[in-house]
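Remarks on the overall topology
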Amino acid sequence: MIKDDKKLGEMELNTYTGKHLLNKEEFNNLTNDIVRSNMKYICDECNVTFEKRDGLLPIYNKDVDSFEYLNSLCNKGLNRRLSGNVSKEYQDRLNYELDVINKMGFCDYFLVVWDYVKYAKFNNVLVGPGRGSAAGSLVSYCLGITDVDPIKYDLLFERFLNPERVTMPDIDIDFDSEKRGLVTDYVMNKYGEKRAIGIITFNTLGAKQVIRDIGRVLNISLPIIDEIAKAIATKNLKDSYVVGSKFHRLINSNPDYIKLYNASVKLEGLPRHISVHAAGVVMSNIDIDEVIPLYKNPLGMYVSAFSKDYLEPLGLLKMDFLGLDNLTLISNVIEEIRKNEGINISFEKIPLDDKKTLKVFRDVDTDGIFQFESVGMKRFLSKLKVNSFDDIATALALYRPGPMDNIDLFIARREGRERVDYIHPDLEDILKPTYGIIIYQEQIMQIVRKMASYSYGEADILRRAMSKKKQAVMEKERKNFVYGNEEEGVDGCIKRGIDEATANKIYDEMIDFAKYAFNKSHAAAYAVVSYQTAYLKYYYPVEFMAALMTSVIDFPNKVAEYILVCRQMGIKILPPDVNCGMYGFSVDNGAIRYGLSAIKSVGRPVIESLVREREENGQYRSLKDFMERNSPQMNKRAVENFIKAGALDCLDGNRRQKMLVYQKISDSISQDKKNSLAGQMSLFDLVSEEDKKEFEIRMPDVEEFGKEELLGYEKEVLGIYLSGHPLENYREMMEKTISAKTSDFQ
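Residues numbered from 1 in each chain as written. Predicted model: local features only at pLDDT ≥ 70, side-chain atom pairs only at ≥ 80, totals over all residues. Heavy atoms only, no water.

What follows concerns the overall build of the protein. A tally of regular secondary structure across the protein gives 33 helices and 9 strands. For the C-alpha atoms alone, the extent of the protein along its principal axes is close to 105 × 90 × 70 Å. Looking at the protein as a whole, 47% of its 746 residues qualify as buried. Taking all contacts inside the protein whose residues are at least 6 apart in sequence as the whole, residues at least 24 apart take part in 70%. Accessible surface, the protein: about 39,600 Å² in total, of which carbon and sulfur atoms supply 49%. (Helix = DSSP H or I, 4+ residues; strand = E, 2+ residues; numbered from the N terminus. Buried < 20%, exposed > 50% of the residue type's maximum accessible area, 1.4 Å probe, protein only. Contact = heavy atoms within 4.5 Å. Areas by Shrake-Rupley, 256 points an atom, 1.4 Å probe, with all protein chains shown as cover.)

Right under this line is the structure:
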């Protein structure tokens, strides 16, 4: 009844007679031996176990040797990345990674990822520079899967792929969120609709949702349901139903509400409806319905009938195709630059040490910059004084719960106000870049490798145990770290000349920091996105701010905040205009034209139709011309809001005049269309074009609205004051007296 949106008494459960599953007594009373035999056979067959299967990873191309092809692609890619100047360090690292990947059987996996990333780039879908530990792989860098040089930025391959801990590889890719679907469609079409499928998700009935659903079924009034739902103070109903609480009092005030509670408690947590995982895709080299059951959703797409947590244990590979809004922003800025300036931006050719781009961070001019907009981050930046790309990555790693407790210590040591101490001299090379503070997970791996001779694979196992607080593993590894383990090939600190007390102190510090230590590969990759947005903001501020405001066009408060930023940058904001405006904010002769879609009660189809009509048949000449050419897509409410927003100021007449006549014009257009459909002629049709002007609806002779009314209408339909502000006469006085803005508390 919840699913069918029915109330109690509006439907009956379907009942069937004759055919049903027999109970034990009915089965024993059967006299037909054939029926008994068939039923026993069916029962015996209905015993299914799902076990892990090997060899299910997708195959790029069965007709090529995957290792040879991967090796060839990587060596060509390395030559291209380094302009032919390949040092022994890079070649050795590449050969090592390729050997590990080949031995672990993941060559085809890398080729599959390379293939769909290549498809995305060739089809103008912006791909992120990397995400997670995959940015530590030189193979990924050579293939163009990532854009961060792991050797230059000291990133570890073993943090991504560990031959001593065989798990599925995990390369998550960020795409332009508006075009991500093109890539998933490509994968599903290329590899087969049953070999590349979506992942099912079960949305469950939460405490408030189940109260609302059951309340509707029981026909309890909506205001009462709202009041009860709002009184739920915890994540589940039982914890909220405590004596003395408002929720308890409301439930016990009426027998129907007690019935509501009792039913809701039983249903809470059960699946409510099925949907598809926003990013996940499962891939295999065989039809996946040979491994698990599939579900075909209403759109005709196959999805797994098992949720994501059950897939990897069965040998299936989940890949994440993630949509990142900031990549959409970057893509839109690049397109505007190409359209307005005729310049094709390629970030591959832009160095990560551009002084003017770094100045954006140093000057804390980070409104609109990925990961650097918050007030707290800005305060941190003002202390940090960014000088390099590494500083950007460090900022991302430090400004999080846990590590941010060390921000003041980090700054003090960086500025030389506090001495940098190391528990042991061997730590200096590893911790010097972060002033003696463990910030990155990779540093923990480097410490145990250098001081106790762990392999990188063993070091990664220890790192995982520390971050997941696996006490038994940590205690075992403490002994290995301090005293060594000959069987596992670990020397230990004592054998390397480090005393027991110092070794234990180092281990304790690693445990303390491992709880919060960040993945350096991920920090470096996301720092690239931050850097790219800063580059665009500095060199192409108008295009950047136009795209930025389009990205938040549904949030008037954010638009107003960015308009203020534009004015501080000296960028002029032009009002919406039906004769030159676009769906979003657009560049107009060095200024930014307000987006038409920011006007309330005007949908995207209406605006797209308006723009298309203008581009095909020329600019609008009058209010009547505008309304005639956009009828019937545009209703009276939309026309009224265009007038109030000032989007029709480009046509004859002031806003008050247009408000007084637009309904008459609309009625006249509707009547003309009715007459035309009926094949009727009016006397108006018989007069000349010159005489027709005498009969047109004229603008009344009235003055424009007062300033306060104009601003009030703008606020009503745009959500902000655009052409001015009621308090602008007091701006100077307020700026002298205020100590904070509302945006500082967001």
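Okay, back to it.
Time to look at the sheet that holds strand E9 (residues 591–593). Ordered by their spatial adjacency, 3 strands build an open sheet running E7-E9-E8, and the pairing between neighbours is mixed. Two strands bound the open sheet, and with one partner strand each, they are strand E7 (573–574) and strand E8 (586–588). Note that E8 and E9 share 3 bridges and pair antiparallel. Each residue of the ladder has a partner; that of serine 586, found in E9, is arginine 593. (Pairing = 2+ DSSP bridges.)

Let us now look at the packing of helix H23 (residues 520–539) against helix H24 (residues 541–551). Between H23 and H24, the shortest axis-to-axis distance is 5 Å and the interhelical angle comes to 120°. Considered as vectors, H23 and H24 are oriented oblique to each other. Note on element contacts: H24 touches H23 through Pro541, Phe544 and Met545, opposite Thr533, Leu536, Lys537, Tyr538 and Tyr539. Here the residues of the contact of H23 with H24 sort into 6 nonpolar, 1 polar and 1 charged. (Axes fitted to C-alpha atoms, helices over the stretch in contact; angles between N-to-C directions. Parallel < 35°, antiparallel > 145°, perpendicular 65-115°, else oblique. Nonpolar A, V, L, I, M, F, W, Y, C, P; charged D, E, K, R; others polar.)

Strand order in this open sheet of 6 strands is E1-E6-E3-E2-E5-E4, and the pairing throughout is mixed. Only two strands of the sheet have a single neighbouring strand rather than two, namely strand E1 (173–176) and strand E4 (294–296). Neighbour-to-neighbour, the strand axes of the sheet open up by a mean angle of 50°, direction not taken into account. Bridge analysis of strand E2 (residues 196–204) against strand E5 (residues 302–304) gives 2 bridges, and the strand direction is parallel. Each bridged residue has a counterpart across the sheet, and for isoleucine 199 the counterpart in E5 is serine 304.

The subject of this paragraph is helix H14 (residues 355–362). What H14 keeps buried is the set Thr357, Leu358, Val360 and Phe361. The buried residues of H14 occupy one face: seen down the axis, they fall within an arc of 140°. Looking at the buried side of H14, the elements it contacts are helix H15 (375–384), helix H16 (389–398) and H23. (Arc of directions from axis to C-beta.)

Of all hydrophobic cores here, the largest spans 133 residues; its most connected members are Phe481, Met510, Ile592, Tyr594, Phe626 and Phe642. A total of 11 residues in this core trace back to one element, the largest contributor, which is H23. Among the nonpolar cores identified, the runner-up in size contains 52 residues, and Leu82, Leu111, Ala120 and Phe321 belong to it. (Core = buried A, V, L, I, M, F, W, Y, C linked by side-chain atoms within 4.5 Å.)

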